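Reading the structure
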Amino acid sequence: MDLLRCMLALVPATAYLCDDGTCHTNLSASFLQMQKMLRPTVTEHPWPHARGKAPHQFGNTQEVWTDHKLSWSYHHPDGRFHNIMAGGPVIDVDKNLYLMSGKGLIALSPSGDVRWTYETPGPSNNEVTLHGDLVLGTTKEGNAFAVDRHTGKTQWVTKLAKDAGGDCGYPAAFKDVFVVGAQQGDFGGNRLVMGLKTGSGEKLWEYEVDQPVWNLTPLFPGDDTVAFMDFSGGIYRLGLKNGTQIWRTPARESHDSFSDGGAGLGPNGFMYSCSNFKDSTGQEGQQGVARAYKLSDGSLQWERILSSPCNSYPAVGHVKGSDALAVVVTPGSFMGQPGLHGSVLALDAATGKDIWEFHAKPYSGVGNQAAGDMEGALTRHSEGVQEICLPAHWSAPIIDAQGTVLAARSDGNLYQVFGPETQFSGSKEDTTQVNSGVVAKLLDVKSASLHGALAAAPGMFAMSTCDTLFVFQNGERR
């Protein structure tokens, strides 16, 4: 009865007394208000951003990969090549999934039903992020937007700039500030990083970077700051509320260096970057570099030169083969040539020394492109969406609770890297590969993936290729 009184108290008297035909509108609006107030308070989304929970975004999870089995998959009803996915899924507190595509934003239930779709204010290649009851995103037309995660209804749209880069960005929100990129650079990416109020879209600040940010991935240490990397490997730390520069560490490379990878945070006060060495642009035969910086002042702590380009993001956690905290990177070149080399490399997070490295077999795709790109190009063209996905060599890796590293590769396989063969207790199957004493299993998902492909929640793993979302569930915890 007390609840009913509260509900009735919210309904304006005019909703009952009016005779001008507005009663229904007033009543409906009042009940929508009541519905919002009666929703449970959002506590914490398990995977609100491409790199995991904010703050920190270490790229790891407390879930165990081998406890989960494929439960369902989703692609366009007319076939997997009739749409193209952007980034990957984020997962809310109710285990609903949100996925950007060439045909708009898609919300899916934990069982794979489409809950709603949203036509974004312009095409978008960017993964969305979650903040409270909002799904936040940006578009190539220079717009930022927010929709209600329950209904898919627009909450606000803000024009940031005349345009934004067509790269696949991973904007993020923390402490009611949504950090985004806009204003396309001469060769792509974005020249401006901005902070917006999550509740209204009002711009709080903007910051012009030294080099464009490509696939911008804001990282939140947990205080009132934000950190990120530009495409040459330069790193920045700004005030989250005002955009004030706290420090900036330019890349040691020339401005000709390019990577579409990024940075990650560790629980040890370090920030790790994955970029390319000297004048490397990420091609086969060029070198990459992994670096550790002190988060407090941006000073370099160590660097590890890599035999292949670093075009992805670090994950930080514990892997098998060492008791030390590890940082995992996935070296591999861009598409465009045959015989591409790629590996999954675990380094000591404190020193940069090798723990182990798994070398995948060289990959040559159809037309020297990623799996699924050339095969689906004509269909996607007929649908009016981007014809090819053009991913990097690897998705960003994530580390599970038992130290297994997951990473999707451009050859259309999900690699599950278990670490040293001497510590592997599972069964070896046709899909098992052992290289340099490191064990991996491959799961054929038929197409390549973008950096944000992987996500996890209690009882759930999700991964998206450029055309299909796969959801793995633990039957005991659904």
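An unreviewed UniProt entry lists the protein under the name Pyrrolo-quinoline quinone repeat domain-containing protein, with Effrenium voratum given as the organism.

As for the overall build of the protein
Helix and strand counts for the protein come out as four helices and 32 strands. Looking at the 478 residues of the protein, the share that counts as buried comes to 60%. The contacts of the protein with a sequence gap of at least 6 include a subset with a gap of at least 24, amounting to 54%. Carbon and sulfur atoms provide 50% of the accessible area of the protein, an area that totals close to 18600 Å².

Quick word on the packing of aromatic side chains
Taken as a whole and assessed by the stated rule, the structure comprises 17 aromatic pairs. Relative to Tyr 313, the ring of Tyr 170 has its centre 6.2 Å away and its plane inclined at 85°; by these criteria the two rings are edge-to-face. On the criterion of sequence distance, the pair formed by Tyr 170 in the loop between β9 (154-159) and β10 (172-174) and Tyr 313 in the loop between β20 (300-306) and β21 (315-317) is long-range, its members being 143 residues apart. Residues Tyr 170 and Tyr 313 agree in their burial class; the two are buried. Joined through ring pairs, the aromatic side chains of Trp 214, Phe 231, Phe 258 and Phe 334 make up one cluster.

Comments concerning the sheet that holds β20
Reading across from one edge, β17-β18-β19-β20 is the order of the four strands in this open sheet, with antiparallel pairing throughout. Edge positions in the sheet fall to β17 (263-265) and β20, since each has one partner strand and no second. If you compare each strand with its neighbour and ignore which way they point, the axes differ by 15° on average. With seven bridges connecting them, strand β18 (residues 270-276) and strand β19 (residues 288-294) associate as antiparallel partners. Among the inter-strand pairings, Tyr 272 is bridged to a residue of β19, identified as Ala 292.

Brief notes about the state of the cysteines
Tallied over the entire structure, the rule returns two disulfides. A sulfur-sulfur separation of 2.0 Å characterises the disulfide bridge that pairs Cys 389 with Cys 466. Because the torsion about its S-S bond is -70°, the bridge between Cys 389 and Cys 466 counts as left-handed. Of the two residues, Cys 389 is situated in the loop between α4 (373-383) and β25 (398-399) and Cys 466 in the loop between β31 (460-464) and β32 (469-473); the sequence distance between them amounts to 77 residues. For the pair Cys 389 and Cys 466, a shared accessibility class is recorded, and that class is buried.

What about the layout of surface pockets?
Computed from the structure, the largest pocket encloses a volume of approximately 430 Å³. Together, 23 residues line the largest pocket, and Asp 260, Cys 389, Leu 390, Pro 391 and Leu 450 are the ones closest to its centre.

Section: the sheet that holds β10
Strand order in this open sheet of four strands is β10-β11-β12-β13, and the pairing throughout is antiparallel. Each edge of the open sheet carries a strand with a single partner, namely β10 and β13 (203-213). Pairwise comparison of adjacent strand axes, ignoring direction, gives a mean angle of 30° for this sheet. Bridge count for β10 against strand β11 (residues 177-184) is three bridges, and the pairing is antiparallel. Bridging across to β11, Ala 173 finds its partner in Phe 178.

Focus: empty space enclosed by the protein
Applying the stated rule across the entire model yields two cavities of 30 Å³ or more. For the largest cavity, the calculated volume is near 90 Å³. Along the walls of the largest cavity sit Asn 126, Thr 138, Thr 139, Ala 164, Gly 165, Asp 167, Gly 169, Pro 171, Gly 181, Asn 190, Asn 215 and Leu 216, which together make up its complete lining. Along the lines of polarity and charge, the residues of the lining of the largest cavity split into three nonpolar, eight polar and one charged. For the second largest cavity, the full set of lining residues is Trp 214, Asn 215, Thr 217, Leu 219, Phe 228, Met 229, Gly 261, Gly 262, Ala 263 and Tyr 313. The residue inventory of the lining of the second largest cavity, partitioned by class, reads six nonpolar, four polar and no charged.

A closer look at unusual backbone geometry
Omega for the peptide link from Ala 54 to Pro 55 comes to 5°, which places this bond in the cis form. Along the chain, Pro 55 falls in the loop between α3 (23-38) and β1 (69-74). The phi dihedral of Gln 57 is positive, around 50°, even though this residue is not glycine. Mapped onto the elements of the fold, Gln 57 is located in the loop between α3 and β1. Since its relative accessible area comes to 2%, Gln 57 is described here as buried. With a phi close to 70°, Lys 95 is a non-glycine residue in the positive phi region. Looking at the secondary structure, you find Lys 95 in the loop between β2 (85-91) and β3 (97-101).

Thresholds applied
Residues numbered from 1 in each chain as written. Predicted model: local features only at pLDDT ≥ 70, side-chain atom pairs only at ≥ 80, totals over all residues. Heavy atoms only, no water. Helix = DSSP H or I, 4+ residues; strand = E, 2+ residues; numbered from the N terminus. Buried < 20%, exposed > 50% of the residue type's maximum accessible area, 1.4 Å probe, protein only. Contact = heavy atoms within 4.5 Å. Areas by Shrake-Rupley, 256 points an atom, 1.4 Å probe, with all protein chains shown as cover. Phe/Tyr/Trp six-rings, centres within 6.5 Å; stacked < 30°, edge-to-face > 60°. Pairing = 2+ DSSP bridges. Axes fitted to C-alpha atoms, helices over the stretch in contact; angles between N-to-C directions. Disulfide = S-S within 2.5 Å. 1 Å grid on protein atoms, 1.4 Å probe; cavity = no way out; pocket = protein on both sides within 12 Å on 5 of 7 lines; lining within 4 Å. Points joined across faces, edges and corners; volume = space filled by probe spheres on them. Nonpolar A, V, L, I, M, F, W, Y, C, P; charged D, E, K, R; others polar.

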